[in-house]
Amino acid sequence: MTTATIHRPQDGYPPLTVACYLVGVLIIANILSFVDRQILALLVGPIRRDLAITDTDISVLHGFAFTILYSFLGLPLGRFVDRHNRRLVIVAGVAIWSVMTIACGLATSYWELFAARVGVGIGEATLAPAAYSLISDAFRPERRGTALSVYTSGIYLGIGAALTLGGLVIAMTNQMPEVTLPVFGTVRSWQAAFILVGLPGLILAPLILTIIEPARRRPATASADVTPEDAWRYLKTNGRAFFLTILAYDCFALAAYAAGSWVPTVFVRVHHWPMAQTGLYYGLTLMVMGCAGGALAGIFGDRMTGRSLDGRLRLSLYSIPLWIVAIATATLTGDPMIALVGFGFSGFFSSVSNCIGPTVVQEMTPGRLRGQATALYFFTQNLFSLTLGPMAVALVTDKVFHDDNAVALSVLVVVIPAILLGGLFTLMARQPFTATRQALEGTA
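Residues numbered from 1 in each chain as written. Predicted model: local features only at pLDDT ≥ 70, side-chain atom pairs only at ≥ 80, totals over all residues. Heavy atoms only, no water.

Quick word on a nonpolar patch on the surface
Phase 1 of the analysis: On the surface, a nonpolar cluster with roughly 500 Å² of combined accessible area is contributed by Leu-165, Leu-168, Leu-280, Tyr-281, Leu-284 and Met-337.
Phase 2 of the analysis: Going through the elements one at a time, α8 (154–173) and α13 (275–307) are the ones with two or more residues in the nonpolar patch.
Phase 3 of the analysis: For the nonpolar patch, the leading source of residues is α13, giving three residues.
Phase 4 of the analysis: The residue Leu-165 is located in helix α8 in this model. (Patch = residues over 30% accessible without salt bridge, like charges linked within 9 Å, V, L, I, M, F, W, Y side chains within 5 Å. Areas by Shrake-Rupley, 256 points an atom, 1.4 Å probe, with all protein chains shown as cover. Salt bridge = Lys/Arg side-chain N within 4 Å of Asp/Glu carboxyl O. Helix = DSSP H or I, 4+ residues; strand = E, 2+ residues; numbered from the N terminus.)

Quick look at the structure:
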């Protein structure tokens, strides 16, 4: 299938079936990216034991090692995506992060694992700018929010799949500290988990080539050659809207990453569930609830935006009280099943806000700058949220409570202030966000 052979409506958008296929393939890529990124959360115990490290060391692997280049590479990649073939960028990225996930499984020391995690981040830096740009250009505005939210909900499918598959691998290898794999030889069971989740990406990479490259959405007066100065000029003109909106969703993301990185450990340490059971139960719960939250955020966000330009921001605000109740219930209860339900609903309301975030950035940005705007959004989110979220929980556990079994309280102490700050910045962002949307629609 080529772009030239596809009938296109007069407005230049591809047929809905073609656009939906594009989203479907990109969702698979998004799922695999989060499987490869999040599998570490389920392997805290065996990695700590074999490498003789602390929770804080684990948090560095989970956050800083992954984000150190992931964040900074996103900016030049955003510029590259705005000018070149987005499919090929994703193909290269999928191949790189898959190989480096396998390399995590071959690591025999902390610093080897650190270096491999850096490599995973390098590969995954390609996906977000290219994927959000492709989807935004493939769907008309009235369907764009739903499409973007459905794609973003792949985060929760990926995290859930990482936990579920990791749990199954651990269950299969529970009685075997070492596993013999074809080609790779004999490895520790946690190493086998990294290798097994890294391999599917090598199959996915060629599949990316089957999607189309939709026409870029540009105002009629826009030049095809976009410079960094164009992006900076637009950002400066709309600085208050971008600053407050991105900061709000950075706080929501920090809350999500802080909880998501340590919830499996809560079940193991506090509720004494085996890791295999934790992965299966929590993984499946998160997949269902996270995807439901993301899908409903897209549907209701589109409807609310039809009535008010800041409709998605208001939807984020509405979810905050219920999110706080859910995370408080999950972390304070002594009943593991109540905790499971609480964390499930926390994942649902977390998904609402975190699936809305990338969409509102697209709505504030002209088509010719969307790759760079998306890169900026994820630069701040990953440098700030993904780095600080997991580390903050670990530091509270290690340095404040001095008790590994206090990890649930540590999650609560970090997550609730982050949610409240996100809500405050969302309130402050509503007026400048609306003004930016009105100005953009006037020039489109």
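Focus: the packing of helix α12 (residues 239–269) against helix α14 (residues 311–332)
Phase 1 of the analysis: The N-to-C vectors of α12 and α14 enclose an angle of 30 degrees; their axes lie 12 Å apart at closest approach. Judged by the inter-axis angle, α12 sits roughly parallel to α14. In terms of crossing hand, the pair formed by α12 and α14 is left-handed. On the side of α12, the interface is formed by Tyr-249, Phe-252, Ala-255, Ala-256 and Ala-259, while α14 contributes Arg-312, Leu-313, Ser-316, Ile-320, Trp-323 and Ile-327.
Phase 2 of the analysis: Looking at the contact of α12 with α14, its residues break down into nine nonpolar, one polar and one charged. (Axes fitted to C-alpha atoms, helices over the stretch in contact; angles between N-to-C directions. Parallel < 35°, antiparallel > 145°, perpendicular 65-115°, else oblique. Left-handed = near helix turned anticlockwise from the far one by under 90°. Contact = heavy atoms within 4.5 Å. Nonpolar A, V, L, I, M, F, W, Y, C, P; charged D, E, K, R; others polar.)

A word on the packing of aromatic side chains
Phase 1 of the analysis: Enumeration according to the criterion identifies 14 aromatic pairs in this entry.
Phase 2 of the analysis: Seen from their ring centres, Tyr-110 and Trp-111 are 5.2 Å apart, and the 80 degrees between their planes marks the pair as edge-to-face.
Phase 3 of the analysis: The class of Tyr-110 is buried, set by a relative accessible area of 14%.
Phase 4 of the analysis: Members of the aromatic cluster, each reached through a chain of ring pairs, are Phe-267, Trp-273, Tyr-281, Tyr-282 and Phe-343.
Phase 5 of the analysis: When the ring centre of Phe-300 is taken as reference, the NZ or CZ atom of Arg-303 above it lies at 5.7 Å. (Phe/Tyr/Trp six-rings, centres within 6.5 Å; stacked < 30°, edge-to-face > 60°. Buried < 20%, exposed > 50% of the residue type's maximum accessible area, 1.4 Å probe, protein only. Lys NZ or Arg CZ within 6 Å of the ring centre and 35° of its normal.)

Here's the deal with unusual backbone geometry
Phase 1 of the analysis: Phi is positive for Val-183, close to 75 degrees, though the residue is something other than glycine.
Phase 2 of the analysis: Its place among the elements puts Val-183 in the loop between β1 (178–181) and β2 (185–188).
Phase 3 of the analysis: Even without being a glycine, His-272 presents a positive backbone phi close to 60 degrees.

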